Structures are given as structure tokens and as C-alpha cells.
Amino acid sequence: MDWNKEIMIERIREIYAYRAMIASLVKRDLKGRYKGSALGFLWTFLNPLLQLAVYTMVFSVIMRSGIKDYYLFLFVALIPWIFFSTSLTGGASCIMMQQDMVKKIYFPREVLPVAYVTSQFVNMLFSFLAVFLVLLLAQYTFYPAALLCLPVIMFVEYILALGFTMIMSALTVYIRDLEYILSILAMAWQFLTPVMYSMEQVPGEVRWIFSMNPMTYVITAYRDILYYGKMPEMDTLLSAVILGVTMLATGWAVFYRLQKHFVEEL
């Protein structure tokens, strides 16, 4: 049966019926992520802070980007990027990691990528506590009107990450090497996204490449809200929303078609 609106609505209802299972998987992932480590949950904050220190040293001290308060310029974009890249690379194996459950019991297979991305999203929300703390210590002004757009862009990034994760998790069942290839692709993708630099630094003749990158609009919106303290440009916000919804619909359609043969492939 082809993917259509009626099937999508039915799948949404079924996934909602399994919301307790999603919540259980999210809790298990969050509790088990740093289990046994000495610092435990503190790694939620230390991991991005350590990356921030490295990038700041390279681009602010060594290569001298010339951007005011570069560590803040980078931090407000790095946290969202870590969420997206982790969802993409780690989420690719979320079906494989739960293959025994997939083989033995019935549940909507979409539950697994939804739970994984939701877990990473919750982790990003905790990391944003560090972002706001750093902004407060740096005496940055928060603009209420701009902050109202923050939940919107967070939701857009969530559905964008979920769309990509659905595709990659389904494809990885059939192409096992994809899990390893994605680590390289994610690194390349980061350098093609204005995380460590501004769009103004991108040569005009190659900006069309960045306009095709959905994360360009997402990162730009985060930076407008938190670093520049202004409302995101309407075309930036609209482009992010359209690309996010399109990616989720596409990813879900691909996942729906491929999940029919998961058991045989596993």
C-alpha cells in the first residue's frame, strides 16, 4: 500500500498509543548514556564545553576569525549542531541496536527513531542551560520577542533531525556500512554549515550550495535569536519550517516502505 495522508494519520495514532514505550526508551537512554562514568550526567555539559574550547582556540586565537565574542557566536550554534549530528550518526543504528525486540514483538517501528531523536533533543535542552548561563555571565541581553521564536526553531530542528534519522536508520538495516560512512559525512556537513563562521564569510559564488542545506537556516535562526538578539528573518524561518516538514514527510515515507522487510534483513 502506497504512503498517503490516511496512512500517515493512522501511523500517528498508533505511535501515540505507544507513547509509554517511547517514554521508557527515552528514559533508559538518558540514564544509561553515562552509566559507570565518573562524572556521569555532567558530560552533558562538559562535552559541548570541551568542543567549544577547542574551536575557540583554533578560530579565535590561531586563525583569528575577528568575530566579537567568538565563543558565544560559536556556542549558540554548536549545541544545536551536536544534537543534529548525534541524531544522524547515532540514530542510524537505532533499529540495529534493538533488533531482538524488532524480531520478537510488534510495535510501530517508527517508535525507535522517534525515541532516539527525542532522547537527543532532551539532552540538547539540558545543554541549553549552559548556553543561557554563559550568555548571562557575558551580560548579553535577552529579547522576549526573539526568544518566543526559540521553541519554533527547536521544533523545526527536531522534525528535520527525525526525518533524516528515519531515512538513515531504515537504510542502515540494508546497508550496514552506512553507519560508518555517516560519521565522515556528518563532519563534512558541519564544515558546510555556518557553525564556526558566519554566512557573510562565505564567498558569493558558492552561497547557493549553503541555500540547499536545511541546517543553514536552522543555525542562522538560533544565532539571530541568541547571539544577535533579534527576530529571525521571516524568509529564514519560513525556509526552515518548509524544509523541516518536507524532510519529515519524505523520511517517514521512505521508512514506511523499508520497514516492511526489517525482520528478514535483521
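Refer to the structure above for everything that follows.
Figured I'd write up the structure that's included with this text. Residue indices follow the written sequence of each chain, beginning from 1 at its first position. pLDDT decides what is reported in this predicted model: residues at 70 or higher carry local features, side-chain atom pairs at 80 or more are listed and counted, and totals for whole chains, interfaces and linings draw on all residues regardless. Each side-chain value is worked out from all heavy atoms of the structure, with water and hydrogens disregarded.

### Considerations on the overall build of the chain
Item 1. Each helix and strand counted, the chain has 14 helices and zero strands in total.
Item 2. We count a stretch as a helix when DSSP gives it H or I for four or more residues in a row; a strand needs E for two or more, and each element gets its number in order from the N terminus. Secondary structure of the chain in N-to-C order comes out as α-α-α-α-α-α-α-α-α-α-α-α-α-α.
Item 3. For the chain, the proportion of its 266 residues judged to be buried stands at 49%.
Item 4. For the chain, restricting intrachain contacts to residue pairs at least 6 apart in sequence, the fraction spanning at least 24 positions comes to 79%.
Item 5. Accessible surface, the chain: about 13,600 Å² in total, of which carbon and sulfur atoms supply 67%. With a 1.4 Å probe rolled over the protein chains alone, any residue whose accessible area is under 20% of its type maximum counts as buried; one over 50% counts as exposed, and the rest are partly exposed. Note on contacts: a residue pair is in contact if any heavy atoms of the two residues lie within 4.5 Å. Computed with the Shrake-Rupley method and a 1.4 Å probe, the accessible areas treat only the protein chains shown as cover for residues.

### Things to note about the pattern of salt bridges
Should the charged atoms of two oppositely charged side chains come close, the side chains can pair.
Item 1. When a carboxyl oxygen of Asp or Glu is within 4 Å of a side-chain nitrogen of Lys or Arg, the pair counts as a salt bridge. One pass over the structure, following the stated rule, counts two salt bridges.
Item 2. Between Arg11 and Glu110 there is a salt bridge, with the nearest N and O atoms lying 2.6 Å from each other. Of this pair, Arg11 sits in helix 1 (residues 5-17) while Glu110 sits in the loop between helix 6 (99-104) and helix 7 (111-137), and the two are 99 residues apart along the sequence.
Item 3. Among the residues examined, Arg11 registers a relative accessible area of 11% and is labelled buried.
Item 4. Salt bridges sharing common partners tie together Arg11, Glu14 and Glu110.

### Things to note about the environment of Tyr143
Item 1. Tracing the backbone through its elements, the reader meets Tyr143 in the loop between helix 7 and helix 8 (144-147).
Item 2. You can call Tyr143 partly exposed: its relative accessible area is 42%.
Item 3. Sequence separation between Tyr143 and Met231 is 88 residues, and the spatial gap between their C-alpha atoms is 8.7 Å.

### Quick word on helix 10 (residues 178-191)
Item 1. A helix is expected to reach a length of 1.5 Å times the quantity of its residues less one. Compared with the 20 Å implied by 1.5 Å per residue over 14 residues, the 20 Å span of helix 10 between its first and last C-alpha is a close match.
Item 2. Listing the buried residues of helix 10 in full gives Leu178, Leu182, Ala186, Trp189 and Gln190.

### Focus on the nonpolar core
Item 1. Phe84, Ile95 and Ile153 are the most contacted members of the largest nonpolar core, which totals 82 residues.
Item 2. Elements supplying a minimum of two residues to this core: helix 2 (19-32), helix 4 (70-91), helix 5 (94-97), helix 7, helix 9 (150-174), helix 10, helix 12 (214-226) and helix 13 (234-258).
Item 3. With 15 residues, the single largest contributor to this core is helix 9.
Item 4. Those residues in contact with Phe84 that sit more than four places away from it in its chain are Glu157, Leu160, Ala161, Phe164, Trp189 and Met215. In plain words, nonpolar cores are sets of buried Ala, Val, Leu, Ile, Met, Phe, Trp, Tyr and Cys residues tied together by side-chain atoms within 4.5 Å.

### Digging into the packing of helix 4 against helix 7
Item 1. Running from N to C, helix 4 and helix 7 point in directions that differ by 170°, and their axes come no closer than 10 Å. One element, helix 4, and the other, helix 7, form an angle in the roughly antiparallel class. Mapping the contact onto sequence places Tyr71, Leu72, Phe75, Val76, Ile79, Pro80, Phe83, Thr86, Ser87, Gly90 and Gly91 in helix 4 and Tyr116, Val117, Gln120, Phe121, Met124, Ser127, Phe128, Ala130, Val131, Val134 and Leu135 in helix 7.
Item 2. In the contact of helix 4 with helix 7, the residues fall into 16 nonpolar, six polar and no charged. Here an angle of 0 to 180 degrees is reported between the N-to-C directions of two axes, which are lines fitted to C-alpha atoms, with helices fitted over the stretch in contact. Working definition: roughly parallel below 35 degrees, roughly antiparallel above 145 degrees, roughly perpendicular at 65 to 115 degrees, and oblique for all remaining angles. Throughout, the ten residues Ala, Val, Leu, Ile, Met, Phe, Trp, Tyr, Cys and Pro are labelled nonpolar, Asp, Glu, Lys and Arg are labelled charged, and all others, Gly among them, are labelled polar.

### Focus: a nonpolar patch on the surface
Item 1. Nonpolar side chains collect at one region of the surface, where Val152, Val241 and Val245 lie side by side and expose about 200 Å² of accessible area between them.
Item 2. Tracing the chain through its elements places Val241 in helix 13. Patch criteria: residues need more than 30% relative accessible area and no salt bridge. Like-charged residues are merged within 9 Å; nonpolar side chains of Val, Leu, Ile, Met, Phe, Trp and Tyr are merged within 5 Å.

### A few points about the packing of aromatic side chains
Item 1. Any two rings among Phe, Tyr and Trp, with Trp reduced to its six-membered ring, count as a pair given centres within 6.5 Å; such a pair is stacked if its planes are under 30 degrees apart, edge-to-face if over 60, and tilted if neither. A full pass over the atoms with the stated rule returns 17 aromatic pairs.
Item 2. When the ring of Phe73 is compared with that of Tyr227, the centres are 5.3 Å apart and the planes differ by 85°; the resulting orientation is edge-to-face. With Phe73 in helix 4 and Tyr227 in the loop between helix 12 and helix 13, the pair connects residues that are 154 residues apart, well separated along the chain. With respect to burial, Phe73 and Tyr227 carry one shared label: buried.
Item 3. Aromatic pair Tyr140 and Tyr227: ring centres 6.0 Å apart, planes at 35°, arrangement tilted. With Tyr140 in the loop between helix 7 and helix 8 and Tyr227 in the loop between helix 12 and helix 13, the pair connects residues that are 87 residues apart, well separated along the chain. Summarising the burial analysis for this pair, Tyr140 and Tyr227 share the class buried.
Item 4. What links up through ring pairs into an aromatic cluster is the set Tyr70, Phe73, Tyr140, Tyr227 and Tyr228.
Item 5. Think of it as a cone above the ring: NZ of Lys or CZ of Arg counts as a charge over the ring if it is within 6 Å of the ring centre and within 35 degrees of the ring normal. Here Arg19 stacks its cationic end above the ring of Tyr16, 4.2 Å away from the centre of that ring.
Item 6. Between the NZ or CZ atom of Arg109 and the centre of the ring of Phe107, over which it lies, the distance is 4.8 Å.

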